[in-house]
4 protein chains.
Amino acid sequence: MVTTPSQEPQRAQMRRSQVLQAATRCFRLYGFHGCSMAQLAKEAGMSVGHIYHYFENKEAIIEAIVQQDLEEWLISMSRLLDSPDVFQEILDTLEEPVRETQQPDYAALQIEIIAEAARNPKVAHMVHTVHRQVRDTVAAMLIKGSRRPLSETEIDSKFELLSALFDGLMVRAIRAEKMDLDGLMAIMRPTIRFILDH
Amino acid sequence: MVTTPSQEPQRAQMRRSQVLQAATRCFRLYGFHGCSMAQLAKEAGMSVGHIYHYFENKEAIIEAIVQQDLEEWLISMSRLLDSPDVFQEILDTLEEPVRETQQPDYAALQIEIIAEAARNPKVAHMVHTVHRQVRDTVAAMLIKGSRRPLSETEIDSKFELLSALFDGLMVRAIRAEKMDLDGLMAIMRPTIRFILDH
Amino acid sequence: MVTTPSQEPQRAQMRRSQVLQAATRCFRLYGFHGCSMAQLAKEAGMSVGHIYHYFENKEAIIEAIVQQDLEEWLISMSRLLDSPDVFQEILDTLEEPVRETQQPDYAALQIEIIAEAARNPKVAHMVHTVHRQVRDTVAAMLIKGSRRPLSETEIDSKFELLSALFDGLMVRAIRAEKMDLDGLMAIMRPTIRFILDH
Amino acid sequence: MVTTPSQEPQRAQMRRSQVLQAATRCFRLYGFHGCSMAQLAKEAGMSVGHIYHYFENKEAIIEAIVQQDLEEWLISMSRLLDSPDVFQEILDTLEEPVRETQQPDYAALQIEIIAEAARNPKVAHMVHTVHRQVRDTVAAMLIKGSRRPLSETEIDSKFELLSALFDGLMVRAIRAEKMDLDGLMAIMRPTIRFILDH
DNA sequence: TATGAATGAGATTTCATTCAT
DNA sequence: CATGAATGAAATCTCATTCAT
């Protein structure tokens, strides 16, 4: 029994994501540079050599992980825009992304990506590109939802402030040992309303 | 002419901080685990072996760097508390710490520390300890400056939100390519006022 | 043509024993701690890094060498027990083990193992375990060959004395420059007979 | 106040033996090559550099330790010879040296010396020299105590066998976990009598 | 006499990557 | 497609020895 040509790339695709899933787990636990190809291979359930069939080198795995993560980001961002009352939608669905930032696993990988971007130009470029795309999406939301016209600078600054809040919560997830999320939401919600309506 | 006993540890102290200065530079550029002892020794202008006279191992250097950084943090925090009108003082001196977060060097090391804390229990403990101390300082400020009594949860939540804002700006310094600081201050200042007065 | 699964561990097994053979030679010449991994790798004809595929660290190589040596010991011990007249068998085959103790190579590795056991708890444990097993074998011989019943203490003491004689000859192989083996046998044989029959 | 010239070498002598005492302790615990000059200096209560005033290098310390140990050996040997009935004296004072061999500290250093002699020609030479001197002393005893004339070979062989017994007990002190000394003496005494009278 | 700063060589160990099978 | 043997470079760390003070 021979695999048909159409099955081939499908199988390869599966193997690739098998590696990426393992890499996500490993990188969270040990960091990009604290995780060896051997550990990764073990976690992925395949041989070290075989990983090199799917990825040129370790760098490429890191980049794929970053790419994957950034794309998920973009997708969840663009979902908001479809709603008729954007601002209300943001406030209504606020809790979920806030909760996500507080998952240590999630936060750890995000911080790892940022740390890598601070030194690795390729990763920096990927992060910047997505940052610009997210900015454009959020800008559209702010224009759509605002009751008064906003200058380019106002849009940028509101975006940065809102983004900083979320990125910052991720950092807090690591810095603080435990956080009272309900209490946080109670003050966060009006603050975001304040920024949106300002 | 004999060296006084008090001069001896002074010299050792100097050598130690010479290593720490070099380490700060190296760690900013390459990260804790991307910087080798050889690089570090070269930057510090001494032999690799000699560094081990002053630090038990690389871990100990990382911990010293983290400790140093956290202590500076604490000092600059506690300065604010002395002012008669704390909230006004915060708003008046806001720009300086915001500007600091935007220095790539500064941000890179901070993120490196957070990333390390996510995996290294010893570093995590140091970060948590300082976090609690900073929290207490800020809590005192909030109590001192507020016009109404605040519940423990309210204090904690306000603290976390304010901290998240600053930590987040640091992340933005890496994610965004450039930021219009004046525009940012224009929206940040009223937001912080809002949080303080809420 | 596909390699059968049974061939795979065989190859690994061969490489492992290739390392152990080289280690035996090196350790004899330079001692456990006087022999570097580089020397060992050269002698084994493979790269230093590759040795770490088969052994976790140098310690593990030392332990494997000790284990191997102790097992050979046990085997040659248990062979004696099968004979109908044990004591006569011991006296008849005495010369071979005595000759063995006088080979400088052999003695050097034995002493190295004892020296290691004096400091390394893991090796001490291995040595003690085998010591107890040898004791049990010899005890069986003494009981089988004696014309009168022996107390536990008598058995132990005879065993220790006989063992000491052999271990001691090994030490003499290093302390003395050369020994007249025939002369030695002439006095050793009746002494051992004396101990056995006592 | 100036030290008189006659005090100088006395003080130096003290410092030297201070180092040797520390070295004895350290070498017992870690072996010649497992003990660093830094450990040694700490144990001796002086600086690393200062040890080099009294000993050319680490080798020289090892050699001094070996020399010291061998000399003690010689002294205690020659004491026996003075007695009118040598053999009886040997049997009467047997227990003390046997007990000494069973002290783990003592045995560990002796074995360390033998192990070193197996590889280090200088140490081998020292050990051989003393071995010959001890042989001569014991030969004199055997001649003095024997009721019949002994051939050179007989003397040598008896000496080697007796020596092997003692050296072997030292090895047993490490190989065996614990030994019943009274039981051992009960069989050892007649065995030695047997060898002496043979 | 005494210190401990300083070094350079070398030890053990790790690891990304290649390659024969 | 799949393995894991194999390597070489580099990383961390140790240590005997020297030297300025």
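Residues numbered from 1 in each chain as written. Chains lettered and ligands numbered in written order. Predicted model: local features only at pLDDT ≥ 70, side-chain atom pairs only at ≥ 80, totals over all residues. Heavy atoms only, no water.

Focus on empty space enclosed by the protein
And then number 1: Evaluation of the coordinates by the stated rule reveals four cavities of 30 Å³ or more.
And then number 2: A volume near 130 Å³ is recorded for the largest cavity.
And then number 3: What lines the largest cavity is a set of 18 residues, and nearest its centre among them are His 33 and Glu 112 of chain A together with His 33, Glu 112 and Arg 119 of chain B.
And then number 4: Of all the elements in the fold, those that place two or more residues in the lining of the largest cavity are α7 (104-117) of chain A together with α7 (104-117) of chain B.
And then number 5: Residues of the lining of the largest cavity, tallied by class, amount to six nonpolar, six polar and six charged. (1 Å grid on protein atoms, 1.4 Å probe; cavity = no way out; pocket = protein on both sides within 12 Å on 5 of 7 lines; lining within 4 Å. Points joined across faces, edges and corners; volume = space filled by probe spheres on them. Helix = DSSP H or I, 4+ residues; strand = E, 2+ residues; numbered from the N terminus. Nonpolar A, V, L, I, M, F, W, Y, C, P; charged D, E, K, R; others polar.)

A short note on the packing of helix α4 (residues 58-81) of chain D against helix α7 (residues 104-117) of chain D
All names here are of chain D.
And then number 1: Where α4 contacts α7, the two axes come as close as 11 Å, and the packing angle between them is 120 degrees. Relative to α7, the element α4 lies oblique. In terms of crossing hand, the pair formed by α4 and α7 is left-handed. On the side of α4, the interface is formed by Glu 59, Ile 62, Ile 65, Val 66, Asp 69 and Trp 73, while α7 contributes Tyr 106, Leu 109, Gln 110, Ile 113 and Glu 116.
And then number 2: Taken together, the residues of the contact of α4 with α7 sort by class into seven nonpolar, one polar and three charged. (Axes fitted to C-alpha atoms, helices over the stretch in contact; angles between N-to-C directions. Parallel < 35°, antiparallel > 145°, perpendicular 65-115°, else oblique. Left-handed = near helix turned anticlockwise from the far one by under 90°. Contact = heavy atoms within 4.5 Å.)

A short note on the confidence of the model for chain A
And then number 1: Mean pLDDT for chain A: 92, with 96% of residues reaching 70 or above.
And then number 2: Overall, residues 1-5 of chain A carries pLDDT values under 50, and its contacts beyond four positions in sequence, including any with other chains, amount to one contact. (pLDDT = per-residue confidence, 0-100.)

Here we look at the protein's contact with DNA strand F
And then number 1: What surrounds DNA strand F is a group of 33 residues, the closest being Arg 11 of chain A, Met 37 and Tyr 52 of chain B, His 50 of chain C together with Met 37 of chain D.
And then number 2: Put simply, 66% of the atoms of DNA strand F that lie within 4 Å of the protein are in sugar or phosphate.
And then number 3: With respect to DNA strand F, the backbone of Ser 47 of chain A contributes an N or O atom lying 3.1 Å from a phosphate oxygen.
And then number 4: Within the backbone of Met 37 of chain B, a nitrogen or oxygen atom sits 2.6 Å from a phosphate oxygen of DNA strand F.
And then number 5: Going through the elements one at a time, α1 (7-30) and α3 (48-54) of chain A, α3 (48-54) of chain B, α1 (7-30) and α3 (48-54) of chain C together with α3 (48-54) of chain D are the ones with two or more residues in the surface near DNA strand F.
And then number 6: Looking at the surface near DNA strand F residue by residue, the class counts come to twelve nonpolar, 15 polar and six charged. (Near = heavy atom within 4 Å. Polar contact = N/O pair within 3.5 Å; in protein donor to acceptor, adjacent residues only side chain to side chain.)

Description of the protein's contact with DNA strand E
And then number 1: Contacts to DNA strand E come from 32 residues, most closely from Met 37 of chain A, His 50 of chain B, Met 37 and Tyr 52 of chain C together with Arg 11 of chain D.
And then number 2: Contact between DNA strand E and Arg 15 of chain B: a phosphate oxygen at 2.7 Å from a side-chain N or O atom of the residue.
And then number 3: Ser 47 of chain B is positioned such that a nitrogen or oxygen atom in its backbone is 2.9 Å from a phosphate oxygen of DNA strand E.
And then number 4: For the surface near DNA strand E, the secondary-structure elements that each account for two or more residues are α3 of chain A, α1 (7-30) and α3 of chain B, α3 of chain C together with α1 (7-30) and α3 of chain D.
And then number 5: Considered class by class, the residues forming the surface near DNA strand E number twelve nonpolar, 14 polar and six charged.

Focus: the packing of aromatic side chains
Residue and element names in this part refer to chain C.
And then number 1: Scanning the entire structure with this criterion turns up six aromatic pairs over all chains.
And then number 2: Judged by centre distance (4.8 Å) and plane angle (90 degrees), the rings of Phe 27 and Phe 32 are edge-to-face. The pair Phe 27 / Phe 32 is uniform in exposure class, with both members buried. (Phe/Tyr/Trp six-rings, centres within 6.5 Å; stacked < 30°, edge-to-face > 60°. Buried < 20%, exposed > 50% of the residue type's maximum accessible area, 1.4 Å probe, protein only.)

A closer look at the relation of the copies chain B and chain A
And then number 1: If you rotate chain B by 180 degrees and push it 0.0 Å along the axis, it lands on chain A with an RMSD of 0.1 Å. In symmetry terms, the pair is related by a two-fold rotation axis. If distances are taken from each C-alpha of chain B to the rotation axis, the shortest is found for Gly 168 of chain B, at 1.8 Å.
And then number 2: Looking at the interface residues of chain B, 100% of them are also at the interface in chain A, so both copies use one shared face. (Least-squares fit on C-alpha atoms with pLDDT ≥ 70 in both.)

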